[in-house]
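Residue-level listing of the chains:
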Amino acid sequence: MCCLLTIVIPWCSSEGSRMDKVDVLTRILKSDNTSTILGGQSPGSVINSRKYVPVTAGGQRDDQRSLDDAIRAALCGETRAAVVVGSEGSGKTTALHKLVADWAKGECLQNFSYVFNFQFREFGSSADELSLETLIHQSHHQTPPDFTRLVTEKPDGVLFVFDGLDEYKHSLDPSVLTLTSDLTQPASGSCLLASLLHGSLLKGAAFLVATRPTDNVKFLRGTRVKVLGFQKPQREVYFNNFFTGRAAANRAFLHMERTLGFYEFCTSPRFCWTVCSVYKWLLDSDAKLPETLSQLFADILVHLIQTLSLNKACSRGLVLALGRVASHCLREQHSSCSKHPVDAFGLQQFPTSVDSFLRVHGEEELSFHSQLMREFVLAVAFFLDASTHEDVEKTLNDHKAGAKLLDLFMSGLSEPAQHRSLEDSLGTFSAGQIKAFKSWFRRRSEKALKEYDRSEHYRCFHLLHQAQNESLVKEILTPPAHPSIFHENLSLQDCAALNFVITCLGEREKVSVSRTTISRETMEILAPSVSLSHIVILSHCCIHKESLPLLASAVSMGVTRELDLSHSSIGDEKLQILCAGLRESKLHSLNLNVCGLTAACCGDLVSVLTSETSQLRILQMMFNEIGDRGFTKLCEAMHSPNCRLQELQVQNCDLTAASMEAFAAGLCSGETQLRKIDFTGNVIGDGGVQALCKALQQPLCKLRSLTLCDSVLTGACCSDLKEVVMSEHCSLSELELSLNELGQEGALLLCQGLKRPSCPIETLGLTRCDLTPAVFEELASVLKNGTCRIKSLHLAINKVGDQGVKPLWDAVAHPSCLLEELSVEMTKLTDASVEDLCAALRANNTLRFLELRNNSLTDAAVPAIVQVMKEKHNMEELNLRYNDFSEDVFDMLEECHNIRY
């Protein structure tokens, strides 16, 4: 029923049960010592070389440590069970062998007296029933006579190690199996395994299971350990161990990281072994290292064929036969297949050659050493044999359930530079197949880029990346098709493809990446794209500290003028690193909205703003808790002749009146170029406005735009504001006071100032300021006085009704009125106002935007409004949304393209 692959039984506490650990260690180190380029280095060879590099594991809480430590911790934990899950070639088997070898050497897990190491697939090779006792005795003849009694009395001294659960073809669901608790009772393989793993048999024993992802995992108890493989530092150690010369190791490592390091399978020790083996061959031959995954596997295939010493015809026949095997496995979605159908594919002609590509399981099954090579040989076969694979779409559809990279390999192989070496070994690629693929690719790309499926966009970029054809990129991604690039949730592989496309297209207006983890590796890949883009948006991203020097360098060395890091939770520490690198940049705009910043960051921002080369003109800081202390520090930059800041947005930054004196001093410094400030959502209060107004009347103050929305102001501040707008030194053209309780008295005071003949105000915001009809009447008088410059007036959410707004309509109709934009949203307008509204619109030639949302206009108002809008070509937009219209008038409203309803 089962072959016990390796059984290790060391000493027990009693003298009569001591076992030979030397024999145990010998069995481990000499088991299956065959290493192949695709199959990887054998576990015994790795351990013998003393160059074992532990792989990384992630636990249930996403913490990372070495797989060895994670296993040991799990086996010493409460459940005393570990389930190790990892992909193909991730280092699971080697880690298990190393664990048993270290145990046999007395270096770890010495609380276990017995350790048994099984391969799961061997349990299904026979229908015979065996007891656990018989199984162990048959597989290891040195068990003591009283072995059964010893393990029964002390089961917590026993560890079972099982490898390859994914290769076990039967269910381990305990609800459908009859479990046994007797070591001497014969049972089927499934029952025996389920009984052991669920604690029915030899309860208290520990177990360790290693597997690729598989459904049977859900039936196992124990700590889940996810194998993450080699992270970048471990890959570097591995390359240094593999190559004898440090220079060669460094060259090979850096090249792989640049060209392949973004693929998830680069974390696989087996893949690293393959890359190192091929790179060494290429370096020894003074050959060029591959630039893409397709080129890598082309080099691997050429190397294997040369090693086999086959002529061109035989090599072609072998690859075509392997292509048929690959097609069969991918169609059936099996990692392995039986030898019987495989023989019909022509492999029997190459009995000594297939071992380089395939491995044998028992006597009946074969599988590819590398799932990547399986897809690659199918792609090669597509271009070698047009009779078998006629249609690109059909070939891809037939294999899409099992293949992940087939189209990428085909894209790479369609380029002469990438298939030329293969043609030298295999013969000519079909020109018709190459033409058919390129035609399919152009059609698919054209369709994908017109739609909004991001996954299709990414796939198009990946195919272009594999092709490595700059002219093809420019042909497919013409400027109208992709003027700016917006992407989110990018993997490293996506970033590499995106960067290739952008570097081929050259300098561009914008690149936007959001909701993506920006690690050091990510920024290393994207740095060229950042440098080529005038506007760089990295919003809603998780930006790692290590990536920031690279980002700053890319921005400083390139053409970037705007950098948007909003909603990326940078925090003070990371911003300090970024600022250190931005002091020499040419940035004009920096967006740090909602970045988790405090007062501690403001000194670093001042250093950027006051550097001799600073070109920063716009700084956005909204929703950061910098407070008065931070803002006061920021104001120091306004005293520097190097500071070129023109616009500062500090909405909702916990500011109060306490910091307004520092800001006022900065405005009067004579050095500042600041022209626009937004204090929305801060508690500036009347006292803060008083301090500001003193500065606004000074001749050195050149501020043009002041926004104080929702700043806890009352009518008491309006006397100070009146003095400002009446001052001959006032330079304000935009004053935004919305969402403050100014009331009638305060607003009327302001209107007195607005009547000054040379008052510079052009934009005035008074939305929801508790205004009355008397204020509307006074504002109308201002608009008609012949000297008023106001072009934009916002009076929404002041519920004055038809009679309150009526004076405004009279003002709009007056020839002296210069209004271009007017908002009377939610002012309780009804159909009674329509006659005055239409008369005003007919008489006016300057108004372009009128906001009438959220009023009480009905269907009866529509004909007159539509008629006047058809006449007025200067009106760009009339917004009537959220009034009391029925669907009956929608067709009539639709007649005017400039009406929103």
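Report on the accompanying structure. This structure is a prediction, so every number in the text was calculated from the model and none was measured.

Moving on, we get to the overall build of the protein chain. A tally of regular secondary structure across the protein chain gives 35 helices and 29 strands. Taken over the C-alpha trace, the protein chain has a radius of gyration of 38 Å; the compact-globule value for 901 residues is 29 Å, which it surpasses by more than 25%. Expressed along its principal axes, the backbone C-alpha trace of the protein chain runs to roughly 110 × 70 × 60 Å. By the burial criterion, 56% of the 901 residues in the protein chain qualify as buried.

Along the chain, S614 falls in the loop between helix 25 (602–609) and strand 19 (618–620). A polar contact is formed between the side chain of S614 and the backbone nitrogen of L616, at a distance of 3.5 Å. The residues touching S614, leaving out its near neighbours within four places in the chain, are V608, L609, N642 and R644.

Quick look at the sheet that holds strand 10 (residues 358–361) now. Through backbone hydrogen bonds, the strands of a sheet pair up, either in parallel or in antiparallel fashion. Reading across from one edge, 9-11-10 is the order of the 3 strands in this open sheet, with antiparallel pairing throughout. In the strand order of this sheet, the two ends are held by strand 9 (336–338) and strand 10, each with one partner. Strand-to-strand twist across the sheet, computed as the mean angle between neighbouring axes with direction ignored, equals 30°. Pairing geometry for strand 10 and strand 11 (residues 365–368), over 4 bridges, is antiparallel. The residue bridging H361 from the neighbouring strand is E365, located in strand 11. Most of the contacts of helix 12 (residues 312–332) go to strand 9, to which it runs at about 105°, and overall it touches strand 9, strand 10 and strand 11.

For the structure shown, the criterion picks out 32 salt bridges. Across the salt bridge formed by R520 and E524, the nearest N and O atoms sit 3.2 Å from each other. With a gap of 4 residues between them, R520 and E524 both fall in helix 22 (residues 520–531), about one helical turn apart. A relative accessible area of 36% means that R520 is categorised as partly exposed. Among the salt bridges present, the one from E851 reaches R853, with a minimum N-O distance of 2.7 Å. Residue E851 is classed as buried on the basis of its relative accessible area, which comes to 17%. Here the residues in one salt-bridge network are D407, R444, E456 and R459, joined through shared partners.

Here the focus is the side chain of N216. Note that N216 resides in the loop between strand 7 (206–211) and strand 8 (223–229). Residue N216 is classed as buried on the basis of its relative accessible area, which comes to 7%. Apart from residues no more than four positions distant in its own chain, N216 is found in contact with L165, Y168, H170, S171 and L172.

Secondary-structure assignment places K98 in helix 4 (residues 92–104). Residues K98 and G44, spaced 54 residues apart in sequence, show a C-alpha to C-alpha distance of 8.4 Å. Aside from chain neighbours lying at most four places away, what touches K98 is I47, Y52 and D68.

Let us now look at the packing of aromatic side chains. In the structure shown here, the tally under the stated rule is 27 aromatic pairs. Plain terms: the ring middles of F120 and F162 are 5.2 Å apart, the flat faces sit at 35° to each other, and that makes the pair tilted. Taken together, the residues F120 in the loop between strand 5 (114–119) and helix 5 (132–139) and F162 in strand 6 (residues 158–163) connect sequence positions 42 residues apart. With relative accessibility at 0%, the residue F120 sits in the buried group. On the accessibility criterion, F162 (0% relative accessible area) is buried. Between F160 and F162, the ring centres sit 6.1 Å apart and the planes meet at 15°, which makes this aromatic pair stacked. Overall, F160 belongs to the buried group, its relative accessible area being 2%. Joined through ring pairs, the aromatic side chains of Y114, F116, F118, F120, F160, F162 and Y168 make up one cluster.

Of note in this structure, R80 is not a glycine but carries a positive phi near 55°. Tracing the sequence through the fold places R80 in the loop between helix 3 (67–75) and strand 4 (81–85). Of the residues examined, R80 reaches a relative accessible area of 17% and is grouped as buried. Unusually for a residue other than glycine, L109 sits at a positive phi of about 50°. The residue L109 is located in the loop between helix 4 and strand 5 in this model.

To continue, consider the pairing of strand 11. Pairing of strand 9 with strand 11, which is carried by 3 bridges, proceeds in the antiparallel orientation. Residue pairing across strands places S336 opposite S367, the latter belonging to strand 11.

All right, on to helix 18 (residues 431–450) then. Spacing of three or four residues puts side chains on the same side of an α-helix, whose turn is 3.6 residues. Under the 1.5 Å per step criterion, the end-to-end length of helix 18 is 29 Å for 20 residues, consistent within 8% with the ideal 28 Å. Here helix 18 has its buried residues at Q433, I434, F437, W440, F441, S445, A448 and L449. Taken end-on, helix 18 shows its buried residues confined to a sector of 145°, consistent with a single buried face. Helix 18 presents A431, K435, R443, K447 and K450 as exposed residues on the side facing more than 90 degrees away from its buried surface. In this structure, the buried residues of helix 18 make contact with helix 14 (371–384), helix 15 (392–399), helix 16 (406–413), helix 17 (416–426), helix 19 (454–467) and helix 20 (470–476).

This part takes up the packing of helix 15 against helix 18. At a closest axis distance of 9 Å, the pairing of helix 15 and helix 18 adopts a crossing angle of 75°. With respect to helix 18, the element helix 15 is oriented roughly perpendicular. In contact with V392, E393 and L396 of helix 15, helix 18 contributes A436, F437 and W440. For the contact of helix 15 with helix 18, the residue count by class is 5 nonpolar, no polar and 1 charged.

Turning our eyes to something else, we now look at the packing of helix 28 (residues 685–696) against helix 29 (residues 718–726). The contact between helix 28 and helix 29 brings their axes to 9 Å, and the two run at 10°. Judged on the interaxial angle alone, helix 29 and helix 28 are roughly parallel. Within the contact between the two elements, helix 28 uses V689, Q690, C693 and L696 and helix 29 uses D720, L721 and V724. In the contact of helix 28 with helix 29, the residues fall into 5 nonpolar, 1 polar and 1 charged.

With that settled, consider the nonpolar core. Generally speaking, soluble globular proteins have nonpolar side chains that are buried together. The biggest cluster of nonpolar side chains holds 267 residues, and the ones touching the most others in it are L592, F679, W809 and I865. Residue contributions to this core peak at 11 residues, all from helix 14. In terms of nonpolar packing, the next biggest core, distinct from the first, is built from 33 residues, F123, L150, L192 and A205 among them.

With that settled, consider the pairing of strand 7. Among the 6 residues of strand 7, 6 are classified as buried, and the element is accordingly described as predominantly covered. Sheet topology places strand 4 next to strand 7; 5 bridges connect them, and they run parallel. Its bridge partner lying in strand 7, V84 is registered against A210. Where strand 6 meets strand 7, 5 bridges bridge the pair, whose relative direction is parallel. Bridge pairing in strand 7 places V161 opposite L208. Handedness of the strand 6-helix 7 (residues 189–197)-strand 7 crossover: right-handed.

To continue, consider helix 24 (residues 571–582). An ideal rise of 1.5 Å per residue puts 16 Å on 12 residues; helix 24 measures up with 16 Å between its terminal C-alpha atoms. Taken together, the buried positions of helix 24 are G571, D572, L575, L578, C579 and L582. The arc enclosing the buried residues of helix 24, seen along the axis, measures out at 120°, which places them on a common side. In this fold, the buried residues of helix 24 make contact with helix 23 (548–557) and helix 25.

Calculation notes
Residues numbered from 1 in each chain as written. Predicted model: local features only at pLDDT ≥ 70, side-chain atom pairs only at ≥ 80, totals over all residues. Heavy atoms only, no water. Helix = DSSP H or I, 4+ residues; strand = E, 2+ residues; numbered from the N terminus. Rg over C-alpha atoms; globule rule 2.2 N^0.38 Å. Buried < 20%, exposed > 50% of the residue type's maximum accessible area, 1.4 Å probe, protein only. Polar contact = N/O pair within 3.5 Å; in protein donor to acceptor, adjacent residues only side chain to side chain. Contact = heavy atoms within 4.5 Å. Pairing = 2+ DSSP bridges. Axes fitted to C-alpha atoms, helices over the stretch in contact; angles between N-to-C directions. Salt bridge = Lys/Arg side-chain N within 4 Å of Asp/Glu carboxyl O. Phe/Tyr/Trp six-rings, centres within 6.5 Å; stacked < 30°, edge-to-face > 60°. Expected span 1.5 Å × (residues − 1). Arc of directions from axis to C-beta. Parallel < 35°, antiparallel > 145°, perpendicular 65-115°, else oblique. Nonpolar A, V, L, I, M, F, W, Y, C, P; charged D, E, K, R; others polar. Core = buried A, V, L, I, M, F, W, Y, C linked by side-chain atoms within 4.5 Å. Right-handed = clockwise from strand over helix to strand, strands pointing away.

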